[in-house]
Amino acid sequence: MSTKLFWTAVALLMLPSLVQAYLLMPFPGSQDLEVITIAYYLEHVIMPLRLVGALLLLPALWLIFTKGTRKAQWVVGVTLVVCAAMGYFSDVEYKAERMFEEPQHIRFESAQDNKVPDSLLVIGLVYDGNAKAYPINYLGYHHKVQDIVGTLPVLVTYCTMCRTGRVYSPLVNGRLQTFRLVGARHYNAVLEDAETKSWWYQATGESVVGTMKGKELAPIDAEQMTLGTWLKRYPSSLILQPDSTYLDEYAELKRYDRRQRKDEDSLTNPDKFWRKSWVVGITVKGQAKAYHWKKLQKIDLLNDTVASQPVLIGIESDGHSFHAFSRVVEGQTLDFVVDQSVGGFRDKASNSAWNWKGICTEGTLKGKKLTRIQAYQEYWLSWEHFHKPTLLWQ
């Protein structure tokens, strides 16, 4: 009886947390399972089950150490040590919010006092004349930074497993929320809001489990480009500075904004397309489409059509800053070609010059502006999974 009681207690204490750690971390095979509801359920029953397990463990230990054999006592002692070690891994080592901590000091500097290299990629936001830039090498470690741009609360997020940068409003039901990182599903970060405890995918802003299931966080327009390019466009922008507490963690992502070792196969072999190939993704009138990054870099500018909407996809001369626009101006569809001499491109119809903000700076269309389309750079595995069905341009 004491033995059965002991192993039942151990199972209640350990199994739920170990299973949850497996489901919420990128262990072999775990991320491809459709089990987010199970992981969510476990999150809420682990502590009650542990309490029951602890209550069962006490009488079991008393019986074993007062009436059990020496061998049984040794087995129990070793088991408890192993359980303590496993508990450390499940509750500390492989707990997302402990592995990727919040920045302790959120500090911004102007371009004059900035210490961030101009070559780093940033997620840039502008609201009511206020501009801020968030380097993805820092965001990649923290996964999220909650901030205010002007008077606008923002949740700036980045998931390194799928290369997705997204910005959302942190309001749920009109109330400002604090979010925590709970882990990952399908190689994408999962966030939990403090009030409803619902879980939200970082790649889409959609709640997939909890009382807010089916709701979406409001997306906020943002652009990804090099800091140097961003500051040319917004010289008064503030730039997020590294938190000195996490310099070692940032160092591990030193080359992330260009490539990581695991990415080299797709980046050094531009003709290969695989799960971690980089794409630029857009959605127009409900139709998703992805563009192979290495192919785009070869042509710089692409005139395309998505869901009957003429679109323009382009990469600036720095080779990293990208943009998407509608090609329709006052009812007329324009075709464009790159022209480095004007720092942007020209339309074929009037030969007018346009910059990468989508503004015509010279010619008969001077002053006209292209409508920007929100575009994202990420791994194909992420875009394909979260934007079904999607088209692919190679």
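Quick note: structure is the one above.
Predicted model only: the values in this text are computed from it and were never measured.

### Details of the pattern of salt bridges
Alright, step 1. Per the stated rule, a full pass over the model turns up 16 salt bridges.
Alright, step 2. Among the salt bridges present, the one from Lys-368 reaches Glu-330, with a minimum N-O distance of 2.5 Å. With Lys-368 in the loop between β25 (360-362) and β26 (376-379) and Glu-330 in the loop between β20 (328-329) and β21 (332-333), the pair connects residues that are 38 residues apart, well separated along the chain.
Alright, step 3. Given the relative accessible area of 29%, Lys-368 is considered partly exposed.
Alright, step 4. With a relative accessible area of 66%, Glu-330 lands in the exposed category.
Alright, step 5. Arg-346 is paired through a salt bridge with Glu-362; the nearest N and O atoms lie 3.5 Å apart. With Arg-346 in strand β23 (residues 344-347) and Glu-362 in strand β25, the pair connects residues that are 16 residues apart, well separated along the chain.
Alright, step 6. Each member of the salt-bridge network shares a partner with another, and the members are Glu-43, Glu-97, Arg-180 and Glu-192.

### What about the side chain of Arg-346?
Alright, step 1. For Arg-346, a relative accessible area of 14% gives the class buried.
Alright, step 2. Of the polar contacts made by the side chain of Arg-346, one reaches the backbone oxygen of Asn-351; its length is 2.7 Å.
Alright, step 3. When near neighbours in sequence (up to four residues on either side) are disregarded, Arg-346 contacts Asp-335, Phe-336, Val-337, Asp-339, Asn-351, Ser-352, Ala-353, Trp-354 and Glu-362.

### Quick notes on a nonpolar patch on the surface
Alright, step 1. On the surface, a cluster of nonpolar side chains totalling about 400 Å² of accessible area is made up of Trp-74, Val-78, Val-82 and Met-86.
Alright, step 2. On the secondary structure map, Val-82 appears in helix α3 (residues 70-93).
Alright, step 3. Given the relative accessible area of 41%, Val-82 is considered partly exposed.

### Let's talk about the state of the cysteines
Alright, step 1. Applying the stated rule across the entire model yields zero disulfides.
Alright, step 2. With no disulfide of its own, Cys-162 has Cys-159 as its nearest cysteine by sulfur position, at a separation of 3.5 Å.
Alright, step 3. Judged by its relative accessible area of 0%, Cys-162 falls in the buried class.

### Considering the sheet that holds strand β4 (residues 144-149)
Alright, step 1. An order of β4-β5-β6 is seen for the three strands of this open sheet, with the pairing classed as antiparallel. Of all strands in the sheet, those with a lone pairing partner are β4 and β6 (164-168), marking the two edges. Each strand axis lies, on average, 20° off the axis of its neighbour in the sheet, ignoring direction.
Alright, step 2. With six bridges joining them, β4 and strand β5 (residues 152-159) adopt antiparallel strand pairing. The partner of Asp-147 across the bridge, within β5, is Val-154.

### A word on the packing of aromatic side chains
Alright, step 1. In the structure shown here, the tally under the stated rule is 18 aromatic pairs.
Alright, step 2. Their ring planes at 10° and their centres at 6.1 Å tell us that Tyr-22 and Phe-27 sit as a pair that is stacked.
Alright, step 3. The class for Tyr-22 is partly exposed, based on a relative accessible area of 32%.
Alright, step 4. Phe-27 gets classed as partly exposed once you look at its relative accessible area, which sits at 26%.
Alright, step 5. Between Tyr-291 and Trp-393, the aromatic rings sit 5.9 Å apart at their centres with planes inclined by 45°, giving tilted as the arrangement. Within this pair, whereas Tyr-291 is found in strand β16 (residues 287-292), its partner Trp-393 is found in strand β27 (residues 390-393), the two being separated by 102 residues in sequence.
Alright, step 6. With a relative accessible area of 0%, Tyr-291 lands in the buried category.
Alright, step 7. Connected via pairs of aromatic rings, a cluster forms that spans Phe-100, Tyr-138, Tyr-141, Tyr-246 and Tyr-250.
Alright, step 8. Just above the ring of Phe-108 sits the side chain of Lys-132; from NZ or CZ to the centre is 4.2 Å.
Alright, step 9. For Arg-163, the ring lying beneath its charged end belongs to Tyr-256, and the centroid distance is 4.7 Å.

### Considering unusual backbone geometry
Alright, step 1. Look at the link from Lys-388 to Pro-389: it is a cis peptide, with omega at -10°.
Alright, step 2. For Pro-389, the location among the structural elements is in the loop between α10 (380-386) and β27.

### Some words on α3
Alright, step 1. Spanning 24 residues, α3 covers 33 Å between terminal C-alpha atoms, matching the ideal 34 Å at 1.5 Å per step.
Alright, step 2. Those residues of α3 not exposed but buried are Gln-73, Val-76, Thr-79, Cys-83, Gly-87 and Ser-90.
Alright, step 3. Where α3 is buried, its residues touch α1 (2-24) and α2 (36-67).

The rules we used
Residues numbered from 1 in each chain as written. Predicted model: local features only at pLDDT ≥ 70, side-chain atom pairs only at ≥ 80, totals over all residues. Heavy atoms only, no water. Salt bridge = Lys/Arg side-chain N within 4 Å of Asp/Glu carboxyl O. Helix = DSSP H or I, 4+ residues; strand = E, 2+ residues; numbered from the N terminus. Buried < 20%, exposed > 50% of the residue type's maximum accessible area, 1.4 Å probe, protein only. Polar contact = N/O pair within 3.5 Å; in protein donor to acceptor, adjacent residues only side chain to side chain. Contact = heavy atoms within 4.5 Å. Patch = residues over 30% accessible without salt bridge, like charges linked within 9 Å, V, L, I, M, F, W, Y side chains within 5 Å. Areas by Shrake-Rupley, 256 points an atom, 1.4 Å probe, with all protein chains shown as cover. Disulfide = S-S within 2.5 Å. Pairing = 2+ DSSP bridges. Axes fitted to C-alpha atoms, helices over the stretch in contact; angles between N-to-C directions. Phe/Tyr/Trp six-rings, centres within 6.5 Å; stacked < 30°, edge-to-face > 60°. Lys NZ or Arg CZ within 6 Å of the ring centre and 35° of its normal. Expected span 1.5 Å × (residues − 1).

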